[in-house]
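This is what each chain is made of:
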Amino acid sequence: MTKLAYIGLGNMGLPMAVNLVKAGYEVYGKNRSQGKEETFAGQGGKVGKSVAQLAKEADVVMTCLPMPDDVENMILGKDGLLEHAKEGLTIIDFSTVSPELNVKIYEQANEKGVHFLDAPISGGTTGAEAATLAIMVGGDEKVFQEVTPILETVGENITYAGPSGSGTKVKLINQYFVGMHTMAVSEAMHLAAEAGIDRDLLYGVLSKSFAQSRIYDRHYPDFIAKEQYTPGFALELLHKDLRLMSAMAEEANVSLEFGQSITKAFAKAEEMELGKEDMSALYKYVKSK
């Protein structure tokens, strides 16, 4: 049986790891907070191994961490996965970092006989729980094919995007759309309120018209309408992704006029201390202007 490890039992990682357990895999979970490990153990997972032990004993190690520095430190840092990895280990990173970091990890992993795939995910916590995530994968296609059964356990729309970094490039373009749609929903709902239009009525009309989007279907009924912004995906994380997207556009010598303005709006929302709230809390920034 393939022995798996999952590092990063957050809002996305925990349900993904649990789905792997439900599918019959032997899964060891690792998280900075012990509480999440206890929750994972309560749902059939195994805990108690160090990063070094996981790197030496697991066949596949998956990571899902919030920031690029977290990923770099976990994989490349002192006492990180590569320092202790056995030859033939496969590392799959579900985080959203930069394509450049993906390639850096890929090259250093290859030098040690370790396989690395960038495999950022999209679909939110509901997708993680239902195992319907979209997963965009970069790296060696042969390795991708070998781990496809694992990916199909946690996702539904699995796509091989190309060489290392390609999965992340697709994800960052996805996040460009997410940022655009989040701004559109925020401004449209604010306009409706100020113009005297019932927002529930508006949602009933627009959700069945060309204005419909998955972001609208998420942000309005689940967050804005309830004035409740407990994070499913934190605003600061989308802002991080938009910064990475802007850097990718600059590297490609592409000017994204609206992308730049939206990234600035998210920066200002963070200055209002909205970063830890759900990304839909951009509405609170729009409303405050």
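Up top you'll find the structure we're talking about.
Residues numbered from 1 in each chain as written. Predicted model: local features only at pLDDT ≥ 70, side-chain atom pairs only at ≥ 80, totals over all residues. Heavy atoms only, no water.

Q: Just to check I follow, could you spell out the environment of alanine 193 for this structure?
A: Following the sequence through the fold, alanine 193 ends up in helix α9 (residues 166-194). Residue classification places alanine 193 among the partly exposed residues on the basis of a relative accessible area of 39%. (Helix = DSSP H or I, 4+ residues; strand = E, 2+ residues; numbered from the N terminus. Buried < 20%, exposed > 50% of the residue type's maximum accessible area, 1.4 Å probe, protein only.)

Q: I'm lost on the pairing of strand β7 (residues 133-138) in this one. Help?
A: On any regular strand, side chains alternate: one points to one face of the sheet, the next to the other face. When you tally the buried positions in β7, you get five out of six residues, the bulk of the element. Sheet topology note: the strand β6 (residues 121-122)/β7 ladder contains two bridges and is antiparallel. Paired with serine 122 across the bridge in β7 is alanine 134. By the bridge criterion, six bridges tie β7 to strand β8 (residues 155-162) in an arrangement that is parallel. Pairing of isoleucine 135 across the sheet is with isoleucine 158, part of β8. Since β7 and β8 lie parallel, the crossover through helix α8 (residues 141-154) that links them has a hand, and here it is right-handed. (Pairing = 2+ DSSP bridges. Right-handed = clockwise from strand over helix to strand, strands pointing away.)

Q: Sorry, what's going on with helix α13 (residues 257-271) here?
A: Residue pairs three or four apart in sequence face the same way in an α-helix, which turns once every 3.6 residues. With 15 residues, α13 extends 22 Å from end C-alpha to end C-alpha; this agrees with the ideal 21 Å at 1.5 Å per step. Those residues of α13 that fall on the buried side of the exposure criterion are Gly259, Ile262, Thr263, Ala265, Phe266 and Ala269. Buried positions in α13, seen along its axis, are confined to an arc of 155° and lie on one side of it. Away from its buried face by more than 90 degrees, α13 exposes Glu257, Lys264 and Glu271. Positive phi shows up at glutamate 273, right after α13, with a value of about 65°. (Expected span 1.5 Å × (residues − 1). Arc of directions from axis to C-beta.)

Q: I would appreciate a short explanation of the pairing of strand β3 (residues 60-63) in the present structure.
A: Neither face of β3 is exposed, since Val60 and Met62 on one face and Val61 and Thr63 on the opposite face are all buried. As paired elements, strand β1 (residues 3-7) and β3 share four bridges and run parallel to each other. Considered in β3, the bridge of alanine 5 is made with valine 61. Bridge count for β3 against strand β4 (residues 90-93) is four bridges, and the pairing is parallel. If you follow threonine 63 over to β4, its bridge partner there is aspartate 93.

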